[in-house]
Amino acid sequence: MSNLFWTLACLCAYIGGLIVLVRVTPLLLIRRYDDGYFMAIAAADVFGGLFVFGAVAVTFALFSGGFAVRLLDFFLLLGIVIVALIMSYRSYYSRRSRRVQPASRIIASIYCLLLGLAALLYIGLLFVPST
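Each chain carries its own residue numbering, running from 1 in the written order of its sequence. Note on the predicted model: pLDDT of at least 70 is required for a residue's local features to be given, and 80 or more for side-chain atom pairs to be given and counted; whole-chain, interface and lining totals, by contrast, use all residues. Only hydrogens and water are removed before side-chain values are computed, so all heavy atoms of the structure are retained for them.

Draft legend 1. Structural context of the packing of aromatic side chains. In this analysis, rings of Phe, Tyr and Trp, with Trp reduced to its six-membered ring, are considered paired at centre separations within 6.5 Å, and the interplanar angle assigns stacked below 30 degrees, edge-to-face beyond 60, and tilted for intermediate values. Enumeration over the complete set of coordinates arrives at 6 aromatic pairs. On the numbers, 5.8 Å between centres and 65° between planes, the contact of Phe5 with Trp6 is edge-to-face. In this structure Phe5 comes out as partly exposed when scored by relative accessible area, which is 45%. Each ring, one from Tyr89 and one from Tyr93, has its centre 5.2 Å from the other, and the planes form 50°; the classification is tilted. There is no split in this pair, since Tyr89 and Tyr93 are both exposed. A connected cluster of aromatic rings, assembled from ring pairs, spans Phe74, Phe75 and Phe127. Charge-over-ring contacts are defined here by two conditions on Lys NZ or Arg CZ: a distance within 6 Å of the ring centre and an angle within 35 degrees of the ring normal. The ring centre of Tyr92 lies 5.2 Å from the NZ or CZ of Arg105, which sits over that ring. For every residue, the accessible area obtained with a 1.4 Å probe (protein chains only) is divided by the maximum for its type, and the residue is called buried under 20%, exposed over 50%, and partly exposed between those limits.

This is the structure:
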């Protein structure tokens, strides 16, 4: 298939993954961590993270890590860092404090922080020459 098609599909997966992360993560806060719905929502959140990072990995592999693609992936990863930090802040300092489960709030916040940390790690590895 055409590289343009794969690039557009990756950008759609990236946008879809960000939307899933932004819409689904707040749903974790009102559920108990041992609830079945929490597990289903957390699985959807993990799939959002896979879509986001998968789009970066596929575009990088598709063009063999050319400079323009590294620059595109840098901005995509920077978007992940920004969204992850915002979602972590919103998860930890939720406005709906009565309905929020403390353990779920901490779990969602740590997940978002680890997502941002992984994106920062990949930003660092993006510009390191491979051996």
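Draft legend 2. Just the state of the cysteines, in detail. When two cysteine sulfur atoms lie within 2.5 Å, the pair is treated as a disulfide. With the rule as written, the count across this model stands at 0 disulfides. There is no disulfide at Cys12, and the cysteine sulfur nearest it, in Cys10, is 9.4 Å away. A relative accessible area of 56% means that Cys12 is categorised as exposed.

Draft legend 3. Representation of the side chain of Thr7. With respect to the helices, strands and loops of the structure, Thr7 is situated in helix H1 (residues 3-28). Judged by its relative accessible area of 14%, Thr7 is buried. Two residues form a contact once any of their heavy atoms are found within 4.5 Å. Discounting chain neighbours no more than four positions away, the residues touching Thr7 are Leu62 and Phe63. Working definition: helices are DSSP H or I runs of at least four residues, strands are E runs of at least two. Numbering for both runs from the N terminus.

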